[in-house]
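The chain contents come next:
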Amino acid sequence: MTHKIVQLRAPGTPLADAAGRVVGRAYEVDLPHGLGAPEPDLSGSINRWLAGAIALAGIVALLVIAAMSRRILGPIEALTAAAKSMERGDRDVRVPAGSKDELGELARSFNSMADSISGAEALRRNLVTDVAHELRTPLTNIRAQLEAVQDGLVPADSRVIDSLHDDARLLERLVDDLQDLALAEAGQLALRLERVDAEEALSRAAAAAKPGAAGAGVAIDVHAPAGAFVTADRARLAQILSNLVSNALAHTPTGGRITLSAAEIGPSVEFAVADTGSGIPRDHLPHVFERFYRADPSRSRGTGGSGLGLAIVKQLAHAQGGSARAESEEGRGSAVFFTLPAAPP
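Since we're looking at a predicted model, the values are computed, not measured.

**Some details on the side chain of Asp167**
Consideration 1: In this structure, Asp167 sits in helix 3 (residues 158-185).
Consideration 2: If near-sequence neighbours (up to four positions away) are discounted, Asp167 is found in contact with Pro138, Asn141, Ile142 and Gln145.

**Here we look at the nonpolar core**
Here is a general trend for soluble globular proteins: nonpolar side chains tend to be buried in one another's company.
Consideration 1: Within the largest apolar cluster, 47 residues are counted, with the highest numbers of intra-cluster contacts made by Leu237, Leu260, Phe271 and Phe338.
Consideration 2: The greatest single-element share of this core, amounting to seven residues, is contributed by helix 4 (residues 198-216).
Consideration 3: Sequence-distant contacts of Leu237, defined by excluding residues within four places in its chain, comprise Val196, Ala201, Val230, Phe271, Gln320, Phe338 and Leu340.
Consideration 4: Met86, Val93, Ala107 and Phe110 belong to the second largest nonpolar core, which has eight residues in total.

**Some thoughts on the confidence of the model for the chain**
Consideration 1: Averaged over all residues, the pLDDT of the chain is 80; the fraction at 70 or higher stands at 83%.
Consideration 2: Contacts from residues 298-304, a stretch scored under 50 in pLDDT, to residues over four places away or in other chains number 13 contacts.

**Considerations on helix 7 (residues 309-319)**
Because the α-helix completes a turn every 3.6 residues, residues three or four places apart line up on one side.
Consideration 1: The set of residues buried in helix 7 consists of Leu310, Ala311, Ile312, Val313, Gln315, Leu316 and Ala317.
Consideration 2: Looking at the packing, one finds that the buried side of helix 7 touches helix 3, helix 5 (234-251), strand 8 (323-329) and strand 9 (333-341).
Consideration 3: Looking one or two places after helix 7, you find Gly321, whose phi comes out positive at around 90°.

**Remarks on the sheet that holds strand 7 (residues 268-275)**
Consideration 1: If you trace the five strands from one edge of the open sheet to the other, you get 4-6-7-9-8, paired in mixed fashion. Strands with a single pairing partner mark the edges of an open sheet, and in this sheet they are strand 4 (219-223) and strand 8. When the angles between neighbouring strand axes are averaged without regard to direction, this sheet yields 15°.
Consideration 2: When strand 6 (residues 257-265) meets strand 7, the two strands line up antiparallel, connected through eight bridges. By the bridge assignment, Ser261 is partnered in strand 7 with Ala272.

**Focus on the packing of aromatic side chains**
Consideration 1: Summed over all chains, the structure comprises one aromatic pair.
Consideration 2: The interplanar angle of 5° and the centroid separation of 4.9 Å between the aromatic rings of Phe271 and Phe338 together place this pair among those described as stacked. Placement of Phe271 in strand 7 and of Phe338 in strand 9 is noted, with a sequence separation of 67 residues between them.
Consideration 3: Between the NZ or CZ atom of Arg325 and the centre of the ring of Phe337, over which it lies, the distance is 4.1 Å.

**Here we look at the packing of helix 4 against helix 5**
Consideration 1: Their axes nearest at 10 Å, the elements helix 4 and helix 5 cross at an angle of 40°. Between helix 4 and helix 5, the angle is such that the two are oblique. The element helix 4 and its partner helix 5 pack so that their crossing is right-handed. Residue-level contacts link Glu200, Ala201, Leu202, Ala205, Ala209 and Ala213 of helix 4 to Arg234, Leu237, Leu241, Val245 and Leu249 of helix 5.
Consideration 2: Considered class by class, the residues forming the contact of helix 4 with helix 5 number nine nonpolar, no polar and two charged.

**Comments concerning the side chain of Ser334**
Consideration 1: Examined against the element boundaries, Ser334 turns out to sit in strand 9.
Consideration 2: When its relative accessible area of 11% is taken as the criterion, Ser334 is described as buried.
Consideration 3: Side chain to side chain, Ser334 and Ser328 meet in a polar contact 2.9 Å long.
Consideration 4: If we ignore the near neighbours within four places in the chain, the residues touching Ser334 are Val273, Ala274, Asp275, Gly279, Ile280, Glu327 and Ser328.

**Considering helix 3**
Consideration 1: The first and last C-alpha atoms of helix 3 sit 40 Å apart over 28 residues, in line with the 40 Å expected at 1.5 Å per residue.
Consideration 2: Buried within helix 3 are the following residues: Val160, Leu164, Asp167, Leu170, Leu171, Leu174, Asp177, Leu178, Asp180, Leu181 and Ala184.
Consideration 3: Phi turns positive, to about 70°, at Gly187, one or two residues after helix 3.

**Here we look at the pattern of salt bridges**
Consideration 1: By the definition in use, this model includes eight salt bridges.
Consideration 2: The partner of Arg236 in a salt bridge is Asp180, with the nearest N and O atoms 3.6 Å apart. Taken as a pair, Arg236 in helix 5 and Asp180 in helix 3 lie far apart in primary sequence, 56 residues in all. Neither Arg236 nor Asp180 differs from the other in exposure class; each is buried.
Consideration 3: The partner of Arg332 in a salt bridge is Glu329, with the nearest N and O atoms 3.7 Å apart.
Consideration 4: With a relative accessible area of 62%, Arg332 lands in the exposed category.
Consideration 5: Judged by relative accessible area, which is 43%, Glu329 ranks as partly exposed.
Consideration 6: One connected set of salt bridges, linked through shared partners, spans Glu270, Arg325 and Glu327.

The rules behind these values
- Residues numbered from 1 in each chain as written.
- Predicted model: local features only at pLDDT ≥ 70, side-chain atom pairs only at ≥ 80, totals over all residues.
- Heavy atoms only, no water.
- Helix = DSSP H or I, 4+ residues; strand = E, 2+ residues; numbered from the N terminus.
- Contact = heavy atoms within 4.5 Å.
- Core = buried A, V, L, I, M, F, W, Y, C linked by side-chain atoms within 4.5 Å.
- Buried < 20%, exposed > 50% of the residue type's maximum accessible area, 1.4 Å probe, protein only.
- pLDDT = per-residue confidence, 0-100.
- Pairing = 2+ DSSP bridges.
- Axes fitted to C-alpha atoms, helices over the stretch in contact; angles between N-to-C directions.
- Phe/Tyr/Trp six-rings, centres within 6.5 Å; stacked < 30°, edge-to-face > 60°.
- Lys NZ or Arg CZ within 6 Å of the ring centre and 35° of its normal.
- Parallel < 35°, antiparallel > 145°, perpendicular 65-115°, else oblique.
- Left-handed = near helix turned anticlockwise from the far one by under 90°.
- Nonpolar A, V, L, I, M, F, W, Y, C, P; charged D, E, K, R; others polar.
- Polar contact = N/O pair within 3.5 Å; in protein donor to acceptor, adjacent residues only side chain to side chain.
- Expected span 1.5 Å × (residues − 1).
- Salt bridge = Lys/Arg side-chain N within 4 Å of Asp/Glu carboxyl O.

Here it is in structure tokens:
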């Protein structure tokens, strides 16, 4: 409790009642500093405080909204600019995708789409180049021989006709291979799936290849369990085996051996075509299923096939619900495996 001293100025002024009697005295008083000052306006102070708080909250809210808008609109603007660049033909444009929220996921999806488009564009360019290269050799041979016949330099005998026929068949095979590959990759290959005996399919493929194998001095064996059935297109399965056996024959020297086998592995049947040929170098092995790829660059279409055989094998296996892979040891031979779904009992 605070005590203050008050000074009274004397003499005081008498105070009388109605009868004239003095009932008291009035004195002048000097009040200490602050004593008797008017009470502050509490409601006014509260209103001023509330007004300041509201103004501050408004400023903070505007700053937060601006920051959030920038955080949201920035990635969207980047995506819009990248999409416009891609529309103009820039296939290398990408957007930052550091955040883990929905915008970051959208940016990653855009980058993945851009990667797919770039890959497809590269494949298209490579395909056009490869097809032009593959077509050039037989077309050049055909034109050269026809011009020689026209100029009277070469007689139009059976030898020339047979050569032209062989080149025409090469072109036909290349076109057929490309069509099969394109349909398989697009998922538009017409398949007639049925229950196929794996042992029977392998035996038929071996029988079809035996004349050529005998001429090359190569033995062919078949090892398959009885009663193994797959759900497959019979003609496409024969095409896969034919491609693999032909490829094995091209790389197996005289005295070598090719083995066709099958084994039940869980819900699938795994087929294998193995040879005792030259094998595939380790650095080439990951690329053997690519179109127009040849492990030996010196081999041309005439000596090493079209370079589409294994690419077609992979796509045909995938189209029928299976997969394909290759193993090889350089100098000791190669084996190509593919799986197909096992048929229910």
